[in-house]
Amino acid sequence: MTDDTGLNLFQQQEANRRRTIWLVIAFVLFFAWLGFGGDFAYWLATSDAAPETYHHTFPWFGLVMTAIGAGIARYGFVTGPNKVLWSTGAVKLEDPQTDKERQLVNVVEEMAIAAGIPRPDIWIVPDSDPNAFATGLDQGHSHIAVTQGLLDICSRDELQAVVAHELGHVKNLDVRLMTTLAALVGAVALMHDGVGRLLSSGGRLGGGSRGGKGKGGGIVVIVVLVLWVISWILAPIIAQFLAMAVSRKREYLADAMGAQFTRNPMALATALTKIESADAPTTSIKRGAAHLCIADPLGRRANLREGGLSDLFATHPPMAARIARLKGMAYQRLKAEGQFPAA
Amino acid sequence: MGGVILLIILGVVVLYGISAYNGLVSLKNQTLNAFKQIDVQLKRRHDLIPNLVNAVKGAMDFEKSTLEAVIQARNQAVSAGANAGPDAMKQVGAAENQLTAALSRFNVVVEQYPQLKATGNVSQLQEELTSTENRISFARQGYNDTATQYNTKQQQFPTNMFAGIAKASPAELWEITDEGERAVPQVDLSMKPRA
C-alpha cells in the first residue's frame, strides 16, 4: 500500500482513478477467464477429434455467462436506487421545516453548483446514528440521503463536507460502477454451483478425445482445465475481493473530490472523526447499501485497521487512513498558499 | 499486408481524433455553462436582498447606514449587470465585490445584536445569505476548475493537435480584481488599546 498523504487533492484523484482502472481491468479479465476459459479448454480438447464428432468452436458457455451477468446488472440498475431508499425508510425532503433542514437543502444546492451537476433529490433517514449515502444511475437522476443523527451533530461546514463526498460519488458515477460489480459478483456466485455439474461432463469429453493425435495437446487441455476449475472454486472469494478493492479506492477518490468541491479538507476530516466516534452501527442501512455510505454502516471491525486478511473484504478504507490523507491535502494546500514553511 | 496495417493505423488515428475533438467541444460547452452559472447566482443574490432588508428594517433603525450601504451596493450591481457589454466585465466585478463587502459588514452588525438574531426570521435570512455567498464562490470555483481542465486538455499532447480544428482557445480564469480582497487581514490579538 503506497502512502498518498504527501499528495495534493488533484494528485490523489489521479492516483485513485488510475488504480480503479487497473482493478476493473483485472475484474473483467478474471470474469472473461471464468466464462471463456471453459470454452477454451473444450475447444482445445475437441480440436484434434475426428471430423465427424462434435467440435466446440462456438463459445456458448462464455456468452451465456456474459448474458446472465448483464441481465442481473441491468435489473440492479433499474430497481437499485428505489430499493435502497425504500429499505432505509428514508423520507423525501420536499418542504424543509426546521433550520437544520433548510441548511441541508442549501448545502446540497451549493455543492451541486461546485460539482457542476443537477441538484439531487434529498432524503432524510430517521436514524440517530450519523451516516449518509448517495444513489442513482447518472448525474441527472441522483439521490442523496443523510440520517437525522448526521444533521444533529454536524456543523454547517461539516455537513457541507459530507454532502460533497457523496456528490463526489455521484459525479464519478460510482453508483453505476459498484452496482455493476455487485451484479457480476452475484452472477459469479449464482453460477458457482451450476458449473460444478458442467465440469464433470466437460472432463468426460476431454478424456474421450485424448485418444486422438498428439499427447502434448492433452497436457495443455488438462492444465487449462485444472486452472479453470481452481478459478471457479475460488471465484466467489476473488470476485468479492476485487469488488471491495474497487470500493475502497472509490472512497478515497470521493474524499478527494469532496475536498475539491469545498476546498476545505479539514471539515471532512472533523466530520469523519465525529462519525467515527459515534461508533454505533446504522441499523436502518442494510448491507446492500454499505458501499454507498460515507462510513461503513455495519461498523465492522475490518475498517478499523489497515493490513491483514480482514482488510481485503472491507467496503471502506480505515478511518484513520482517510483522515490522514485529508489532513495531508489540507497541509499541501496551506503550503501552496505560503502559510506554512516548505517541509 | 502492409496496406492493411497502414489502414488499421489510419483508422485508429481517425477514431482518436474524433474522440479528442468531441472531448474538447464538450469541455468548451461545460466551461461556458459554468460561466453562466456565476451570473445565475449573482442574480439570485440581487433578488434576495430586498427581502432581507424588509425583514430587518424595523429592528435595525439604529444601524441605518449599514443597511443603506447594502441597498446602494445592490442597486449599483444590478444596473452594472443590466448594461453589461463584453468589456464591462470589470465594472460588474467591481460592483459585485462592493456588494459582497457591504453584506459581510451587515453580517458582522447582525452578530453584534443577539436580540436581532432571535427576532423572527432574521437567522433564517442569515442562512440564506451565507448560502448565497457560498453559491457565488462555488460557482466561480466550479468555473475555474472546468476552465483549467479545458486549458490543460488544449495544451497536452496529443490533444493539442486537435485544438485548432475544434476551435478551442484558452479560457480565462476568474481572478480577484480588487487588491483589497487579496490582502491578508491583519488580526491584532495583543488587546492593547489602539494608538
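The structure presented is a predicted model; accordingly, all values stated were derived computationally and were not measured.

Enquirer: Would you take a moment to explain the overall build of chain A for this structure?
Expert: Along chain A, the regular secondary structure elements total nine helices and four strands. Each helix and strand of chain A, ordered N terminal to C terminal, gives the series α-α-β-α-β-β-β-α-α-α-α-α-α. Across the 343 residues in chain A, those meeting the buried criterion constitute 45%. Long-range contacts, defined as pairs at least 24 residues apart, comprise 72% of the intrachain contacts of chain A with a sequence gap of at least 6.

Enquirer: It is not clear to me how helix 3 (residues 99–115) of chain A should be interpreted in this structure. Could you clarify?
Expert: In an α-helix, one turn spans 3.6 residues; hence positions three or four apart end up facing the same way. Residues and elements named next belong to chain A. The end-to-end C-alpha separation of helix 3 is 24 Å, in line with the 24 Å expected for 17 residues at 1.5 Å each. All buried positions along helix 3 are accounted for by Gln103, Leu104, Asn106, Val107, Val108, Glu110, Met111, Ala112, Ile113, Ala114 and Ala115. Positioned one or two residues after helix 3, Gly116 has a phi angle of 70 degrees, which is positive.

Enquirer: I tried to follow the pairing of strand 2 (residues 121–125) of chain A on my own but got confused; where do I start?
Expert: In the case of a regular strand, side chains alternate between the two sheet surfaces. Residues and elements named next belong to chain A. Where burial is concerned, most of strand 2 is hidden: four out of the five residues are buried. Here two bridges tie strand 1 (residues 91–92) to strand 2, and the two strands are oriented antiparallel to one another. Each bridged residue has a counterpart across the sheet, and for Val91 the counterpart in strand 2 is Ile124. With five bridges joining them, strand 2 and strand 4 (residues 141–147) adopt parallel strand pairing. Bridge assignment links Ile122 to a residue of strand 4, and that residue is Ile144.

Enquirer: How should the packing of helix 3 of chain A against helix 5 (residues 122–155) of chain B be read in this particular structure?
Expert: If you want to describe how two helices pack, look at the angle between their axes and the distance between the axes. Two numbers describe how helix 3 of chain A lies on helix 5 of chain B: the axes approach to 8 Å, and their chain directions differ by 10 degrees. The pairing of helix 3 of chain A with helix 5 of chain B is recorded here as roughly parallel in orientation. Two packed elements cross with a definite hand, and for helix 3 of chain A against helix 5 of chain B that hand is right-handed. Side by side, helix 3 of chain A and helix 5 of chain B meet where A:Asp99, A:Arg102, A:Gln103, A:Asn106, A:Glu110, A:Ile113 and A:Ala114 of the first sit next to B:Ser123, B:Gln124, B:Glu127, B:Ser131, B:Asn134, B:Arg135, B:Phe138, B:Ala139, B:Gln141 and B:Gly142 of the second. Tallied by class, the residues present in the contact of helix 3 of chain A with helix 5 of chain B amount to four nonpolar, eight polar and five charged.

About the cut-offs
- Residues numbered from 1 in each chain as written.
- Chains lettered and ligands numbered in written order.
- Predicted model: local features only at pLDDT ≥ 70, side-chain atom pairs only at ≥ 80, totals over all residues.
- Helix = DSSP H or I, 4+ residues; strand = E, 2+ residues; numbered from the N terminus.
- Buried ≥ 20, exposed ≤ 12 C-beta atoms within 10 Å, placed from the backbone.
- Contact = placed C-beta atoms within 7 Å.
- Expected span 1.5 Å × (residues − 1).
- Pairing = 2+ DSSP bridges.
- Axes fitted to C-alpha atoms, helices over the stretch in contact; angles between N-to-C directions.
- Parallel < 35°, antiparallel > 145°, perpendicular 65-115°, else oblique.
- Left-handed = near helix turned anticlockwise from the far one by under 90°.
- Nonpolar A, V, L, I, M, F, W, Y, C, P; charged D, E, K, R; others polar.

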